[in-house]
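Architecture and fold: a report
Residue-level listing of the chains:
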There are 2 protein chains.
Amino acid sequence: MNEISSMARQASSDLSLADCRVAVVGLGLIGASLCLDLTQLGICREVRGISRSAQTVAMGIRNGVIHQGTTRLLSGIVGADIVVLATPVRAAIRQIRQIRDGLKDGAIVVDVGSTSSMITEALATLPAHVHPISTHPMTGKETSGFDSAEAGLFANALWVLTPLPQTCPKAVVLFSQLVGAVGAHPLTLEAAKHDRMVSAISHLPFLVSSALVHTVAQVSKREPEVWELAAGGFRDMSRVAASEVSMFLDILMTNRRNIGQHLDLFMQEIVHLRQLLDEVNEEELKKRLTANRQTRMNWYAAYEARPRSSL
Amino acid sequence: MNEISSMARQASSDLSLADCRVAVVGLGLIGASLCLDLTQLGICREVRGISRSAQTVAMGIRNGVIHQGTTRLLSGIVGADIVVLATPVRAAIRQIRQIRDGLKDGAIVVDVGSTSSMITEALATLPAHVHPISTHPMTGKETSGFDSAEAGLFANALWVLTPLPQTCPKAVVLFSQLVGAVGAHPLTLEAAKHDRMVSAISHLPFLVSSALVHTVAQVSKREPEVWELAAGGFRDMSRVAASEVSMFLDILMTNRRNIGQHLDLFMQEIVHLRQLLDEVNEEELKKRLTANRQTRMNWYAAYEARPRSSL
């Protein structure tokens, strides 16, 4: 039995990407954009799309985003070599339970959620004959859904991979090839570390952006012209507040401790700046604001210098 | 005496824009961009640049940004019909004192600072034979200085005008023509109201952005890879933290009360979100985040629909 399972694992992870059937569950921004690249660039043998909405499936087929589609999760994953769960984190956790008995021997199962620890726990419950990887493509935009999908969305993005102890290294190599084929750069990270870091650079900024919109909305009750004055600075600071709420609720609920700690750190600094302002402590204000300015300029220079994808 | 003064005022405000000599004090982002549009579009008779740096003056002349230039404030404004103080708020307040005795009868004197109340007080001390207007072009970017200047910077921006009781309406009309000539839209606002509103949509976001960079920098001490993961969301949320500190210190110091009040409002909301997260109160979190998302989407739709300048 062990031998057969081992052979099955071996067989599947020796597949080349071009031989793979890929099933993408969820045709939102990430799922549909991934399908679009996979089909348009001819990266794999077959691209299947699974969505709750028959209309979305129909659009996917009509627009050539997917080769095949269905609204039925279990039918959709039959025989798939790679299953990508491109649904909000808690939906993906439910789907992991639903698909466990229908997965092909040796199948690679990945999610693309923004938090990793809870998904990793769920993936660890999958049978030994499949290869789970928790993954997170570090890209996106504030609009969501099938209609927001775009070719090249992953170009030059980091794509974090968190393999489980049970995951065959060959499976990681194969999925890394897929990541590279859509122009992204794979980076292996431990789940807890990933969740701490994305809390700081993505989940905290979302809450801050939302709170800022709330504050301006309160000011606007007495002075509605404030909306007319708002320009580029407010536009950039409020962009992520327009992100899909259901996706972010899942993120917040599955990364609460890290986000709470980072909110506390952030609040301490806001309180500190408020105090310096009260005290008219220009010297210290200048020091802190200058240090933050320099930090941002250094980061931005490195960010801009990142290699651009050829896609 | 009153009659002569009245005649002088009359004379100057009957000038057409094409007849005007404009002196711009400070050749940073705003000052140099304004000179560039004025010279390139041939909007007025003469464009003079005044800068502390002889090198900047020389560059301005060499690149055709200004017709004439000097490092001497008082020489620069002699005979100017319109004097634009394009220096940080507190520098402009000092310069108002310095130039008061050298201004031509009927001259229009404007600043372009981001806070209005303190400038307005200073402008009110100018002699009765000149026409002061506190103004604020609602544009900019995070880079500063002469090298950041660009043609068309004011295209489609609001340009707030706060005339003083002593200001002749014809002077406001003339300066509004200049505003329109560089593609911006004049909007008349009371100083106190202006300062409250820009505090909410510009000064608060600056401090929030800076505090966010500070927070990520603290996280990076233990996890330096956080900088590699940071992408579009962090890029947008941190952009204004890279703004020129000396300019913002002047803003913070001349608009302390409003900024303090808005920091308090903002902190209340952050504390509230933190509490909802602690309580796992998804329903209320969803309600607030959805309302903020909708607010931002409504604002952005209106912002994007603003008429585009023909410049």
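In every chain, residue numbers begin from 1 and rise along the written sequence. Here the convention is simple: chains get letters from A, ligands get numbers from 1, in the order in which they are written. Residue-level local features of this predicted model are given only where pLDDT is at least 70; pairs of side-chain atoms are given and counted only at 80 or more, and the full residue set underlies all totals for whole chains, interfaces and linings. Calculated side-chain values reflect all of the structure's heavy atoms, with hydrogen atoms and water omitted.

Regarding the interface of chain B and chain A
At the interface, 85 residues of chain B touch 85 residues of chain A. In this assembly, chain B packs against chain A so that about 8,500 Å² is buried in total across both faces, 70% of it on carbon and sulfur atoms. Using a 1.4 Å probe, buried area is obtained as the accessible area two parts lose upon being combined, added over both of them. Considering only the side of chain B, the residues that lose the most area to chain A are L229, L277 and R296 of chain B, jointly responsible for 9% of the buried surface there. The working definition used for a salt bridge is a side-chain nitrogen of Lys or Arg within 4 Å of a carboxyl oxygen of Asp or Glu. For R90 of chain B, the salt bridge is made with E282 of chain A, and the minimal N-O distance between the two is 2.8 Å. Polar contact is the term for a pair of N or O atoms within 3.5 Å; when the atoms are in protein, one must be able to donate a hydrogen and the other to accept it, and sequence-neighboring residues count only if both atoms are side-chain atoms. Inspection of the chain B/chain A interface yields 42 residue pairs in polar contact (both at pLDDT 80 or more). Each helix is a run of DSSP H or I of at least 4 residues and each strand a run of E of at least 2, with the numbering of both proceeding from the N terminus. Elements with a minimum of two residues in the side of chain B that touches chain A: α8 (191-222), α9 (226-229), α10 (232-238), α11 (245-254), α12 (256-278) and α13 (282-304) of chain B. Looking at the side of chain B that touches chain A, the element that brings in the most residues is α8 of chain B, giving 22 residues. Its residues placed into classes, the side of chain B that touches chain A shows 49 nonpolar, 15 polar and 21 charged. Should any heavy atoms of two residues lie within 4.5 Å, those residues are considered in contact. Any residue outside Ala, Val, Leu, Ile, Met, Phe, Trp, Tyr, Cys, Pro, Asp, Glu, Lys and Arg is labelled polar, Gly included; the first ten of those are nonpolar and the last four are charged.

Some points on the nonpolar core
Joining through side-chain atoms within 4.5 Å is the link that ties buried Ala, Val, Leu, Ile, Met, Phe, Trp, Tyr and Cys residues into a set, and such a set is a nonpolar core. Categorising residues by exposure relies on relative accessible area from a 1.4 Å probe, with only protein chains included: less than 20% of the type maximum marks a residue as buried, more than 50% marks it as exposed, and the intermediate range marks it as partly exposed. Of all hydrophobic cores here, the largest spans 48 residues; its most connected members are V208, F266 and L285 of chain A together with V208, F266, L285 and L289 of chain B. Listed by contribution, the elements that provide at least two residues to this core are α8 (191-222), α11 (245-254), α12 (256-278) and α13 (282-304) of chain A together with α8, α11, α12 and α13 of chain B. Those residues in contact with V208 of chain A, other than ones at most four positions away along the chain, are F266 of chain A together with V208, L212, M237, F266 and I270 of chain B. By size, the runner-up hydrophobic cluster in this structure holds 38 residues, among which are L29, A86, L161 and V172 of chain A.

As for the pattern of salt bridges
Inspection of every chain in the model, using the stated rule, returns 32 salt bridges over all chains. Between E223 of chain A and R196 of chain B there is a salt bridge; the shortest N-O distance is 2.4 Å. Residue E223 of chain A is found in the loop between α8 and α9 (226-229), and its partner R196 of chain B is found in helix α8; the two belong to separate chains. Close ionic contact of E46 of chain B with R48 of chain B constitutes a salt bridge, the shortest N to O distance being 2.6 Å. In this structure, E46 of chain B and R48 of chain B share a single accessibility class: buried.

Brief notes about the environment of P137 of chain B
On the secondary structure map, P137 of chain B appears in strand β6 (residues 131-137). Each C-alpha atom of the pair P137 of chain B and H185 of chain B lies 9.0 Å from the other, and the pair is 48 residues apart in sequence.

A word on the environment of R239 of chain A
Inspection of the secondary structure assignment puts R239 of chain A in the loop between α10 (232-238) and α11. In the structure, R239 of chain A is positioned 97 residues away from E142 of chain A in sequence and 6.6 Å away in space, judged by C-alpha atoms. Apart from residues no more than four positions distant in its own chain, R239 of chain A is found in contact with K141, E142 and S209 of chain A together with G232, G233, R235, D236 and R296 of chain B. At a separation of 3.3 Å, a polar atom in the side chain of R239 of chain A contacts the main-chain carbonyl oxygen of G232 of chain B. A polar side-chain atom of R239 of chain A sits 2.5 Å from a polar atom in the side chain of D236 of chain B.

Brief notes about the sheet that holds strand β8 (residues 185-188) of chain A
Each strand in a sheet pairs with another by means of backbone hydrogen bonds, the pair being arranged parallel or else antiparallel. All names here are of chain A. A strand pair is defined by DSSP finding two or more bridges across the two strands. With mixed pairing, the eight strands of this open sheet are ordered in space as β3-β2-β1-β4-β5-β6-β7-β8. Two strands bound the open sheet, and with one partner strand each, they are β3 (68-70) and β8. Taking the axes of each pair of neighbouring strands and ignoring which way they run, one obtains an average angle of 25° across the sheet. Throughout, an axis means a line fitted to C-alpha atoms (over the contacting stretch in the case of helices), and angles, computed between N-to-C directions, take values from 0 to 180 degrees. Against the sheet, helix α2 (residues 29-40) makes contact with β1 (21-25), β2 (46-50), β4 (82-85), β6 (131-137) and β7 (158-163), and its axis sits at roughly 160° relative to β1, the strand it touches most.

Notes on the sheet that holds strand β1 (residues 21-25) of chain B
Residues and elements named next belong to chain B. The strand order β3-β2-β1-β4-β5-β6-β7-β8 describes an open sheet built from eight strands, whose pairing is mixed. In this open sheet, the two strands that pair with only one neighbour each are β3 (68-70) and β8 (185-188). Looking at each pair of strands side by side, their axes are set apart by 25° on average, direction ignored. One ladder, built from five bridges, connects β1 with strand β2 (residues 46-50); its direction is parallel. Within the sheet, the bridge partner assigned to V22 lies in β2 and is V47. Each of β1, β4 (82-85) and β5 (108-111) touches helix α5 (residues 89-99); the most contacted strand, β4, lies at about 145° to it. Across the face of the sheet, helix α7 (residues 169-181) comes into contact with β1, β4, β5, β6, β7 (158-163) and β8 while running at roughly 165° to β7.

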